[in-house]
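Close look at the chain arrangement
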Amino acid sequence: VDVKETPENEPTNPFFPFFLQVKPQFESRVNSTFGIFKAIVYRTQIVAGTNYFIKVQDSDADYVHLRVFQSLPHENQGPSLVGFQTGKTRDDPLTYF
């Protein structure tokens, strides 16, 4: 599993558009909106597509871990939020779930 520090959430970062597609899925699942939604670090797992495990800051002091699946390019599907873990801290390890 690869671990990558994400640069600042800027449109020039290729991860940025992908990540923005996940925010409304998460907000819908937890029935809330977030003014802060910043990817801190992510891991990837190559399967028949890619699983992304993403540590996200969603408030001044709160973090959430997201599991997002991105299918293979020929399937023409956007990222899908598979699961999440709330109540995380910045120091919690980002692990498979």
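Scroll up for the structure.
Parameters and conventions
- Residues numbered from 1 in each chain as written.
- Predicted model: local features only at pLDDT ≥ 70, side-chain atom pairs only at ≥ 80, totals over all residues.
- Heavy atoms only, no water.
- Helix = DSSP H or I, 4+ residues; strand = E, 2+ residues; numbered from the N terminus.
- Buried < 20%, exposed > 50% of the residue type's maximum accessible area, 1.4 Å probe, protein only.
- Contact = heavy atoms within 4.5 Å.
- Phe/Tyr/Trp six-rings, centres within 6.5 Å; stacked < 30°, edge-to-face > 60°.
- Core = buried A, V, L, I, M, F, W, Y, C linked by side-chain atoms within 4.5 Å.
- Pairing = 2+ DSSP bridges.

Each helix and strand counted, the protein has one helix and five strands in total. Ordered by position from N to C terminus, the α and β elements of the protein give β-α-β-β-β-β. Out of the 97 residues belonging to the protein, those deemed buried represent 39%. Restricting to contacts in the protein with at least 6 residues of sequence separation, those with at least 24 account for 45%.

Take the environment of Ile40 next. In this structure, Ile40 sits in strand β2 (residues 38-47). Residue classification places Ile40 among the buried residues on the basis of a relative accessible area of 10%. On a C-alpha basis, the gap between Ile40 and Gln57 in space is 6.8 Å, while along the polypeptide they are 17 residues apart.

Let us now look at the packing of aromatic side chains. Applying the stated criterion to the full structure yields eight aromatic pairs. With a centroid separation of 5.8 Å and an interplanar angle of 70 degrees, the aromatic rings of Phe53 and Phe97 are classed as edge-to-face. Taken together, the residues span a long stretch of sequence, with Phe53 in strand β3 (residues 49-57) and Phe97 in the segment after β5 (80-88) at a distance of 44 residues. For Phe53, a relative accessible area of 2% puts it in the buried group. In textbook terms, an aromatic cluster arises when at least three aromatic residues are bridged by ring pairs, as seen for Phe19, Phe26, Phe34, Phe37 and Phe84.

Turning our attention to the nonpolar core. Ranked by size, the top nonpolar core spans 15 residues in total, and within it Phe26, Phe37, Ile54, Val56, Leu66 and Val68 carry the most contacts. Within the residue set of this core, elements represented by two or more residues are α1 (15-30), β2, β3 and β4 (63-70). A total of four residues in this core trace back to one element, the largest contributor, which is α1. Not counting chain neighbours up to four residues away, the residues in contact with Val68 comprise Phe18, Val22, Thr50, Asn51, Tyr52, Ile54, Pro79, Ser80, Leu81 and Val82.

Before going further, it helps to spend a moment on the environment of Ser80. Positionally, Ser80 belongs in strand β5. Setting aside chain neighbours within four positions, we find Ser80 in contact with Gln25, Arg67, Val68 and Phe69.

Counting buried positions along β3 gives nine out of nine residues, so the element sits mostly inside the fold. Here nine bridges tie β2 to β3, and the two strands are oriented antiparallel to one another. Residue pairing for β3: Val47 is matched across the bridge by Gly49. Counted along the chain from β2 to the antiparallel partner β3, the turn is one residue long. Here β3 pairs with β4 via eight bridges, running antiparallel. For Asn51, the partnering residue across the bridge sits in β4 and is Phe69. In this structure, the hairpin formed by β3 and β4 is closed by a connection of five residues.

Just geometry here; none of it tells us what the structure is for.
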